[in-house]
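This is what each chain is made of:
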Amino acid sequence: MIEIPGTQDAHAFRRFIIERCGEDTGACIQCGKCSAGCPVAPDMDYMPNQVMELIRLNQRERLLTAHSFWFCASCQTCTIRCPHAIDIALVMNTLRKLTLEGGYAPAEKRMPLFNRIFLDSIRKHGRVYELGMVSRFNLASGQPFKDALLGAAMMARRKIALLPHRIRHLDDIKSIFAKYKKYM
Amino acid sequence: MQIGYFPGCSLTSTAREYDATVRQVVQNCGFELVEIDDWNCCGASPADAVSQELVLALSAKNLAKAQRQGLTSILSPCPACHSHLLQAQQGLAETSPHRRRILELIHEASVPAVTLRHLVDFLYRDVGIDKLKATVVKPLTGMTLASYYGCLTRLKAIDMEDRENPAMLDEIIAALGATAVDWPHKTECCGAGLAITSTQTVLRLAGDILAGARSAGAQALVAVCPLCQANLDMRQAELDRKRPCPFNLPVIYLSQLILIAQGKSFNEAGFDKHLISPRSIFQQ
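Residues numbered from 1 in each chain as written. Chains lettered and ligands numbered in written order. Predicted model: local features only at pLDDT ≥ 70, side-chain atom pairs only at ≥ 80, totals over all residues. Heavy atoms only, no water.

Caption draft 1: Region of the structure containing the overall build of chain B. Looking only at helices and strands, chain B features 13 helices and eight strands. Against the compact-globule benchmark of 19 Å for 284 residues, chain B has a radius of gyration of 19 Å, which places it among compact chains. Counting only C-alpha atoms and orienting by the principal axes, one finds that chain B spans roughly 60 × 45 × 35 Å. Evaluated residue by residue, chain B yields a buried proportion of 64% over its 284 residues. Sequence separation of at least 24 residues holds for 75% of the intrachain contacts in chain B that already meet a minimum separation of 6. Per element, the accessible surface of chain B, about 10,300 Å² overall, is 49% carbon and sulfur. A gap of 3 Å separates the mean positions of the 26 positive and 28 negative side-chain charges of chain B. (Helix = DSSP H or I, 4+ residues; strand = E, 2+ residues; numbered from the N terminus. Rg over C-alpha atoms; globule rule 2.2 N^0.38 Å. Buried < 20%, exposed > 50% of the residue type's maximum accessible area, 1.4 Å probe, protein only. Contact = heavy atoms within 4.5 Å. Areas by Shrake-Rupley, 256 points an atom, 1.4 Å probe, with all protein chains shown as cover. Lys, Arg positive; Asp, Glu negative; His and termini not counted. Charge placed at Lys NZ, Arg CZ, Asp CG, Glu CD.)

Caption draft 2: Inspection of the environment of Arg 117 of chain B at higher detail. Residues and elements named next belong to chain B. Note on placement: Arg 117 falls in strand S4 (residues 115-117). Residue classification places Arg 117 among the buried residues on the basis of a relative accessible area of 15%. On a C-alpha basis, the gap between Arg 117 and Ser 73 in space is 7.5 Å, while along the polypeptide they are 44 residues apart. Each residue touching Arg 117, except ones within four places of it in the same chain, is listed here: Ile 74, Leu 75, Ser 76, His 82, Phe 122, Arg 125 and Asp 126.

Caption draft 3: How the structure looks around the interface of chain B and chain A. Between chain B and chain A, the contact holds 55 residues from the first and 51 residues from the second. Taken over both partners, the interface formed by chain B and chain A buries close to 4,800 Å², and the fraction arising from carbon and sulfur atoms is 59%. Applying the counting criterion to the chain B and chain A interface returns six salt bridges. A salt bridge links Arg 204 of chain B to Asp 43 of chain A; its shortest N-O distance comes to 3.0 Å. Along the contact surface separating chain B from chain A lie 24 residue pairs in polar contact (both at pLDDT 80 or more). Counting residues per element, the side of chain B that touches chain A draws most heavily on helix H3 (residues 52-68) of chain B, at seven residues. When the residues that make up the side of chain B that touches chain A are grouped by side-chain class, the tally is 23 nonpolar, 15 polar and 17 charged. (Buried area = accessible area lost by both parts, 1.4 Å probe. Salt bridge = Lys/Arg side-chain N within 4 Å of Asp/Glu carboxyl O. Polar contact = N/O pair within 3.5 Å; in protein donor to acceptor, adjacent residues only side chain to side chain. Nonpolar A, V, L, I, M, F, W, Y, C, P; charged D, E, K, R; others polar.)

Caption draft 4: Seen up close, the sheet that holds strand S2 (residues 32-35) of chain B. All names here are of chain B. A sheet is described by the order of its strands in space; here four strands give the open sequence S2-S1-S3-S4, paired in parallel fashion. Whereas interior strands pair on both sides, the edge strands pair on one side only; in this sheet they are S2 and S4. Averaged over all neighbouring strand pairs, the angle between strand axes comes to 35°, with direction disregarded. The sheet strands contacting helix H1 (residues 16-28) are strand S1 (2-5), S2 and strand S3 (73-75), and the helix crosses S1 at an angle near 170°. Across the sheet, helix H6 (residues 119-127) is in contact with S1, S3 and S4; its angle to S4 comes to roughly 115°. (Pairing = 2+ DSSP bridges. Axes fitted to C-alpha atoms, helices over the stretch in contact; angles between N-to-C directions.)

Caption draft 5: Representation of helix H10 (residues 226-234) of chain B within the structure. Most of H10 of chain B sits out of view: eight of its nine residues are buried. Inspection of H10 of chain B places Pro 226, Cys 228, Gln 229, Ala 230, Asn 231, Leu 232, Asp 233 and Met 234 of chain B among the buried residues, and these make up the whole buried set.

In structure tokens form, the structure reads like this:
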């Protein structure tokens, strides 16, 4: 677990974000273009422009317990449109990482659970085994029959691989993952 | 001419028909595809959400595998895989702060840069509109289609001249003899990354995109991403339950469309994998 600055001085959290991803949210002019174009803004408690401002205002606790960035689809629309060239999608992704690294309970459970199961599939096979991954996620999130009809329609069309494909040099992948296991 | 091939996980499963038709189209355009031997997953957004170095290392591993086969260019039909290869290549640059760590993780001394292409810019830049046109034997005259770029093709990787209103795919569709409609949702995100974790979000986004294509008079959407295609094709049944009339909008891969224009029959283009069949469009 890492210590995330945010109380020591008024700029601590903003500076930490700069250190972690190189993006200075202090450059934000609150024009709102990011939030206007964000496809998932309706699902967020803090929209992208508000996230920029909350970082500037040193609101570490409020942000790292927010739902907002878990809904970010990483579509890059905000980043492409920002008139001050802030990579907003990168900041959103950085907040996801800091939540886990700082030992905060993520406000959304499903996204980090999905990420962990997805990565586990890569670590075990070298590639994603979609059927196994989705079944495991549905079970773990307490909705075993979610999309069952869709799954049946896909199987009838042989649209989804029934068995995993394991790559030959799986050791290479396992050795990369060994360094990151604590977040999975 | 030879070009390396990174299909990515989706193309071995839910997007098999994309894989099969891309292989044929590339060959018909005079290129030989050489698949990266024993390639691994690019890590997709979950790896990115855990660690930047993890996601960079996974794709850097694939670049190293391509290097061993002597490949100097790589085509990836999935925009997410493509953008990860590109980010890994940037991370491996001499000036990148990530270079040393990535090389350490993948146990390599160096990985040389290669040309990275997605299907759209491969067709546009390496094949060229004129040469593509020359391969058309059955022009798709009278067909009206919505060019759906999705969100990730806008990344600098594909170097669209206008990222808000791109034209490459529209020009390719026109070269096949069909009409690409002017519509507002060309680059809107379909939310596929949230398909499993927040299905309600995805239904809203997919519904907006499909309604946009319908109101612009399109008979079908043309997709260039395995996640977009799966999402827009498969969620229609669920969306239709709350609509007075069904969307019934087929979502066709660009490679399937080209293959038909290059003379293949409907049954040879892999449409049996689709939930919304485009049969009626091709029979008109």
